[in-house]
Amino acid sequence: MSAPPNLAPLYTAEPKKVATRNAYGEALLELGTSHENVVVLDADLSGSTKTKAFGKAHPDRFFNMGVAEANMIGVAAGLASQGKVAFASSFAMFATGKAFEQIRQSVCVPNLNVKVCATHAGLTVGEDGKSHQMLEDVTLMRVIPNMQVMVPADSVEARQCIHAAAKIDGPVYVRLSRGATPIVFAENYQFEFGKAATLREGSDLAIIAMGVTVSAAMEAAEALAKDGVQARVINMSTIKPLDVDAIIHAARDCGAIMTAEEHQENGGLGDAVAQAVALNCPVPMKMCAMHDQFGQSGTGDELLAHYGLDAAGLTKSAKELIQRKGA
Amino acid sequence: MALTQEQKSLVESAARQTRVDTIRMVHAAACGHPGGPLGMADFMATLFMQHLNLNPDNRHDAKRDRFVLGNGHTCAGYYSLLSQKGLIPREDLLRFRKMGADLQGHPHRNHDLGIDFSTGSLGNSLSVSLGMALAAKHNGWDSRIYSASSDGESQEGQIWEAATAAAHYGASNLTVLVDFNNVQIDGYMRDVMDVRDLREKYEAFGWHAVDVDGHDVEAVDAALVAAREETKRPSALICKTLIGKGVSFMENQPGWHGVAPNDEEARKALLELGVPDGELAAMVPATA
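These figures come from a predicted structure and were not determined experimentally.

Sorry if this is basic, but what is going on with helix H3 (residues 75–84) of chain B here?
In an α-helix there are 3.6 residues to a turn, and that puts residues three or four apart on one side. All names here are of chain B. When you tally the buried positions in H3, you get nine out of 10 residues, the bulk of the element. When we look at burial in H3, the residues that qualify are Cys75, Ala76, Gly77, Tyr78, Tyr79, Ser80, Leu81, Leu82 and Ser83. In this structure, the buried side of H3 is in contact with helix H1 (5–29), helix H2 (35–51) and strand E1 (66–69).

Right, here's the structure in full:
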């Protein structure tokens, strides 16, 4: 077990909030300068996905493909087959939903350097409602052979995930969010691809979270500690390959595991963790996720609260799990 | 420049070999798609023997021409042509579709064999070809990207997304050869889903598009030469063909889209393709 990474002073001061998509735009600009072979594609959402700045800086390496996501992924695959590292972006709903087949057939089968970086994932896209709240993207991406999947917890980690994606030889999916979310990590945090980061030690239960629910999990752990429950908090920002060792350790040390994600439980983080737990070290589990349901319009915070994915909801679920563990 | 007599007979001989190989391969595999490759053989042989800059020495050269077989199910003919160009060992052809073989039922990217992309799912190929064309242009390479497609594949919406984008980006180094035989798996196109005039459609999308007799190797060659002259627009050759061409009982028969010939049918087909009687027994060993 490595020492917990450096965290931002999340609860000692007003947390700073930045959307992970902003970090994506900045990382692309950095890659544009350092990597001549990086190209970027978008499907008429470059202002929202934050690829526009790259387009301005490197117009000859930016391809706006219009509202045609399937074609965008195919073109990205063709570019990658000629030696380019192609970042392709749209909203998660369209990038992985409309273009699933192209990602499987044209990117993952030939194992090409296409990085699908999708923004506006999950419930926190908010007011746009269920048509735009992509809750199945991690499921769709993690089941495809050759695809690797990252879900950064905040903008500090997101920037490093994008740089990691550029280094990986093969297809990558990075799930990014629309809304500004609390900064979890200090600037000197070192993301390690394929490794879970334990953000808080504890042995009564482990909360394994991804994306925007990581900060809520940290807040929930604070609340639980006040009631004498010590929760380990694990940031699972690489969903595939999954850090199974970290999960086994958590199961052995804590005897109960709760997962948290703004995503369907079917096929998502919860499923991935449950598979590792069931195969290696069965313990009581609870999945905080969307339970085979669509979302609705509302603010991101309202939606997270409504579906039990904010700090209060996670605290309540953790207490239920602790009771079950004790029974 | 028109084909010389020598070039013409080279292409015609390659087309005939493509048809013979197709029958033998699909027969040996006991499954696969004979009709398409027979129909495409003439324009494919023209492309591979006269235009496509691909050979065993340059197969790993990023700057060489590329070819993407959009209608991937017709790969028996494609594999035959790659074999004739020295990229696929002749003995591998009869392992087509068999367990452990490089020659998969639909093409899988393998630069050792000159296979530039994985295909099989209709609709994806033109986008990929466009990506290759954009990369070549960006790199300042003068290579050309060729793609084969079909009337059936033109029913896929993604083809028209790619057609829109290829014209928008002025991908003049991209040429698609559309096999137009009016037949798809479920029957004749007019009964299943009529795609109407593809030349007019590609033109409306901003392409240089021509209709060409897909069995007239001189006409196909001339159209490919004209495509090379384009400096602003991608080119589409709508190749009018007869599915099953060269084997009388397969011609214009939807039933031969995806069915393998039995021993007797294979021998009959090879005879019609000019294989001497004495070679038939060796070429088509009894399978059962």
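Moving on from the coordinates now.
Explanation requested: the domain arrangement of chain A in the structure shown.
Where interface size is quoted, it is often the accessible area lost as the parts come together. All names here are of chain A. Considered domain by domain, chain A is made up of domain 1 (17–182) and domain 2 (197–326). Between the C-alpha centres of domain 1 and domain 2 there is a distance of 26 Å. Contributing elements (two or more residues each) for the side of domain 1 that touches domain 2: helix H7 (137–142), strand E6 (148–150), helix H8 (155–167) and strand E8 (181–182).

Would you mind going over the interface of chain B and chain A with me for this structure?
Taken together, the contact pairs 20 residues of chain B with 23 residues of chain A. Elements supplying a minimum of two residues to the side of chain B that touches chain A: helix H4 (125–138) and helix H5 (157–168) of chain B. Of the residues forming the side of chain B that touches chain A, the biggest block, 10 residues, is contributed by H4(B). Within the side of chain B that touches chain A, the residues separate by chemical class into 10 nonpolar, eight polar and two charged.

Can you help me understand unusual backbone geometry in this one?
Residue and element names in this part refer to chain A. A cis amide bond links lysine 240 with the next residue in sequence, proline 241, at an omega value of 0 degrees. Within the secondary structure, proline 241 sits in the loop between strand E12 (238–240) and helix H10 (244–254). Not every positive phi belongs to a glycine, and asparagine 111 is a case in point at roughly 55 degrees. Mapped onto the secondary structure, asparagine 111 falls in the loop between helix H6 (100–108) and strand E5 (114–118). Within the chain, asparagine 146 stands out as a residue other than glycine whose phi angle is a positive 80 degrees. Along the chain, the position of asparagine 146 falls in the loop between H7 and E6.

In this structure, what is going on with the sheet that holds strand E11 (residues 231–235) of chain A? I would like to understand it.
Either a parallel or an antiparallel arrangement is found when strands of a sheet pair, and the pairing is made through backbone hydrogen bonds. Residue and element names in this part refer to chain A. One open sheet holds the five strands; their spatial order is E9-E11-E10-E13-E14, and the pairing between them is mixed. Bordering the open sheet on either side are strand E9 (197–200) and strand E14 (285–290), each of which pairs with just one other strand. Averaged over all pairs of adjacent strands, the angle between their axes in this sheet comes to 25 degrees, without regard to strand direction. The pairing of E9 with E11 spans three bridges and is antiparallel. Among the inter-strand pairings, alanine 197 is bridged to a residue of E11, identified as asparagine 235. Its contacts with the sheet place helix H11 (residues 269–280) against strand E10 (205–209), strand E13 (257–264) and E14, and it is angled at close to 150 degrees to E13.

Could you clarify how one ought to interpret the pairing of E14(A) in this entry?
Side-chain positions along a regular strand alternate between the two faces of the sheet. All names here are of chain A. Of all six residues that make up E14, six are buried, and the element is covered over most of its length. Sheet topology places E13 next to E14; five bridges connect them, and they run parallel. Residue pairing for E14: methionine 258 is matched across the bridge by lysine 286. Read from E13 through H11 to E14, the crossover connection turns out right-handed.

I keep staring at the pairing of strand E7 (residues 172–175) of chain A and nothing clicks. Help me out?
Residue and element names in this part refer to chain A. By the alternation rule, side chains of E7 split into Val172 and Val174 and Tyr173 and Arg175, which are all buried. Two elements, E5 and E7, share four bridges in a ladder whose sense is parallel. Directly across from alanine 118, in E7, lies its bridge partner arginine 175. The sheet contact formed by E6 and E7 spans three bridges and is parallel. Bridging across to E7, glutamine 148 finds its partner in valine 172. Between E6 and its parallel partner E7, the chain crosses via H8, and the hand of that crossover is right-handed.

What is the right way to read the environment of Arg232(A) from this model?
All names here are of chain A. With respect to the helices and strands, arginine 232 occurs in strand E11. Look at arginine 232 and you get buried, because 24 C-beta atoms sit within 10 Å. Beyond its immediate sequence surroundings of up to four residues, arginine 232 is in contact with Thr198, Arg200, Glu201, Gly202, Ser203, Ala206, Ala250 and Cys254.

Honestly, the nonpolar core in this entry has me stumped. Any pointers?
If you look at soluble globular proteins, the nonpolar side chains tend to sit buried side by side. Ranked by size, the top nonpolar core spans 200 residues in total, and within it Ala76(A), Leu205(A), Ile207(A), Ala217(A) and Ile257(A) carry the most contacts. Counting residues per element, this core draws most heavily on H2(B), which supplies nine residues. Taken together, domain 1 (17–182) and domain 2 (197–326) of chain A each give at least three residues to this core, which thus spans both. Look past the residues within four positions of Ala76(A) in its chain and what remains in contact with it is Leu41(A), Ala86(A), Ala88(A), Val114(A) and Gly131(B).

In this structure, what is going on with the sheet that holds E1(B)? I would like to understand it.
All names here are of chain B. Spatially, five strands are ordered E1-E2-E3-E7-E6 in an open sheet, and the strand pairing comes out parallel. Edge strands, defined here as strands with exactly one partner in the open sheet, are E1 and strand E6 (208–213). Geometrically, the sheet is characterised by an average inter-axis angle of 20 degrees between neighbouring strands, direction not taken into account. In this sheet, strand E2 (residues 145–150) lies alongside E1 in parallel orientation, the contact comprising four bridges. Following the sheet pairing, arginine 66 is matched in E2 by isoleucine 145.

Calculation criteria
Positions within a chain are numbered from 1, following the residues in the order the chain's sequence is written. In the order they appear in the text, chains get letters beginning with A and ligands get numbers beginning with 1. Where local features are concerned, this predicted model is filtered to residues with pLDDT of at least 70; where side-chain atom pairs are given and counted, the filter is 80 or more; whole-chain, interface and lining totals use all residues. Neighbour counting defines burial: a residue surrounded by 20 or more other C-beta atoms within 10 Å of its own C-beta is buried, one with 12 or fewer is exposed, and intermediate counts give partly exposed, using backbone-placed C-beta atoms. Numbered from the N terminus, helices here are DSSP runs of H or I no shorter than four residues, and strands are runs of E no shorter than two. Whether two residues are in contact depends on their C-beta atoms, placed from the backbone: they are in contact if these lie within 7 Å. These domain limits were set by an automatic method or by a database of domain assignments. When residue character is reported, Ala, Val, Leu, Ile, Met, Phe, Trp, Tyr, Cys and Pro are called nonpolar, Asp, Glu, Lys and Arg charged, and the others, Gly included, polar. Pairing between strands is defined by DSSP: at least two bridges between them are needed. Only C-alpha atoms enter the line fits that serve as axes; for helices the fit covers just the stretch in contact. Angles between N-to-C directions range over 0 to 180 degrees. With the strands aimed away from the viewer, a crossover counts as right-handed if its path from the first strand over the helix to the second runs clockwise. Buried Ala, Val, Leu, Ile, Met, Phe, Trp, Tyr and Cys residues form a nonpolar core when they are connected through C-beta atoms within 7 Å.

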